[in-house]
Amino acid sequence: KLYADAKEEMEAGRWGTAVKQLEKIESRYPFGRWAQQAQIDIAYVHYKENDRALALAATDRFLKLYPSHPALDYVYYLRGLINFNEQQGWLASLGGQDLSERDLQAAREAFDAFKEVVARFPESRYAPDAEARMKYLVNAMASGEVHIARYYFRRGAYVAAANRAQGAIRQYPQAPAIEEALYLLMASYD
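Quick caveat, the model's predicted, so the values are computed rather than measured.

This part is about unusual backbone geometry. Positive phi is not limited to glycine here, since N50 has a value of about 60°. Here N50 lies in the loop between α3 (33-48) and α4 (52-65).

Shown next, in the form of structure tokens:
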């Protein structure tokens, strides 16, 4: 009954009430399968509320408590989405900001989570989407490194620009941004 009520709140988009219901389940029945599902749903609800820190904490907690749970692929996928969508904030879209112009730590964490899904659960229904997102993230991270190299080049810090461009070439050899990295490397050496 408690889980049905929480599910109803989630479907209606009442995230605050849903979290309270899910936490009740977790506290009243801490070792049952409903508590496990409630923990997964708490992470999802925090993700839907755009509360990245609480959503990541919930996924971390679940991964530590249940390292062999059947829904582990979903939890890793959700962890990837949480970090992936951190890069897609409404302020970034409002200001026309590109992913490559932002801090790439969340992108790296999203990549690692998606990589876990693809490597450990290749038959998962989330694996194809995780793989597609990984390709996007590789291109975005390569563009981010090139963006930094371009910044250094414009400032006259040619050694730093060459190092960044070289790092991008070495780390992301197949990314489309490598063409510009090669140009920046050549121009920095000149």
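Right, let's get into helix α7 (residues 105-120). The end-to-end C-alpha distance of α7 is 22 Å, a good match for the 22 Å that 16 residues give at a rise of 1.5 Å each. Three or more residues of α7 are buried, namely A106, A107, A110, F111, A113, F114 and V117. Down the axis of α7, the smallest arc covering the buried residues is 165°, so these residues share one side.

Within the secondary structure, R155 is located in the loop between α8 (127-154) and α9 (158-171). With relative accessibility at 56%, the residue R155 sits in the exposed group. Spatially, the C-alpha atoms of R155 and A4 are 59 Å apart, while their sequence positions differ by 151 residues.

L22, V45, Y77, F114 and L137 are the most contacted members of the largest nonpolar core, which has 53 residues in total. Apart from the residues within four sequence positions on either side, F114 is in contact with Y77, G80, L81, F84, A130, R133, M134 and L137.

Here the focus is the pattern of salt bridges. As a working rule, side chains carrying opposite charge can pair if their charged atoms are close by. For the structure shown, the criterion picks out 10 salt bridges. R61 is paired through a salt bridge with E26; the nearest N and O atoms lie 2.3 Å apart. Of the two residues, R61 is situated in helix α4 and E26 in helix α2 (residues 15-28); the sequence distance between them amounts to 35 residues. Taking relative accessible area as the criterion, R61 reaches 42% and is therefore assigned partly exposed. Classification of E26 as buried rests on a relative accessible area of 12%. Salt-bridge contacts for R79 lead to D60; the nearest nitrogen and oxygen are separated by 2.9 Å.

Moving on, we come to the packing of α3 against α4. Close contact between α3 and α4 brings their axes to 7 Å; oriented N to C, the two are set at 155°. Between α3 and α4, the angle falls in the class roughly antiparallel. Remark: the crossing between α3 and α4 carries left-handed chirality. In this structure, α3 uses Q36, Q39, I40, I42, A43, H46 and Y47 to contact α4, whose residues at the interface are L54, A55, A58, T59, R61, F62 and L65.

Position of F31 among the secondary structure elements: in the loop between α2 and α3. Sequence spacing of F31 and A53 is 22 residues, and the spatial spacing of their C-alpha atoms is 25 Å.

Along helix α1 (residues 2-12), the residues classified as buried are L2, Y3, A6, E9 and M10. The buried side chains of α1 occupy one side of the element, clustering within an arc of 120° when seen end-on. Away from the buried face of α1 by more than 90 degrees, exposed residues E8 and E11 are located. Buried-residue contacts for α1 involve α2 and α3. After α1 finishes, the residue G13 shows a positive phi value of roughly 80°.

Okay, the environment of R164 next. Note on placement: R164 falls in helix α9. Residue classification places R164 among the partly exposed positions, given a relative accessible area of 28%. Every residue in contact with R164, bar those within four places of it in the chain, is listed here: E145, I148, A149 and Y152. One polar contact links R164 to E145, side chain to side chain, over a distance of 2.7 Å.

What counts and how
Residues numbered from 1 in each chain as written. Predicted model: local features only at pLDDT ≥ 70, side-chain atom pairs only at ≥ 80, totals over all residues. Heavy atoms only, no water. Helix = DSSP H or I, 4+ residues; strand = E, 2+ residues; numbered from the N terminus. Expected span 1.5 Å × (residues − 1). Buried < 20%, exposed > 50% of the residue type's maximum accessible area, 1.4 Å probe, protein only. Arc of directions from axis to C-beta. Core = buried A, V, L, I, M, F, W, Y, C linked by side-chain atoms within 4.5 Å. Contact = heavy atoms within 4.5 Å. Salt bridge = Lys/Arg side-chain N within 4 Å of Asp/Glu carboxyl O. Axes fitted to C-alpha atoms, helices over the stretch in contact; angles between N-to-C directions. Parallel < 35°, antiparallel > 145°, perpendicular 65-115°, else oblique. Left-handed = near helix turned anticlockwise from the far one by under 90°. Polar contact = N/O pair within 3.5 Å; in protein donor to acceptor, adjacent residues only side chain to side chain.

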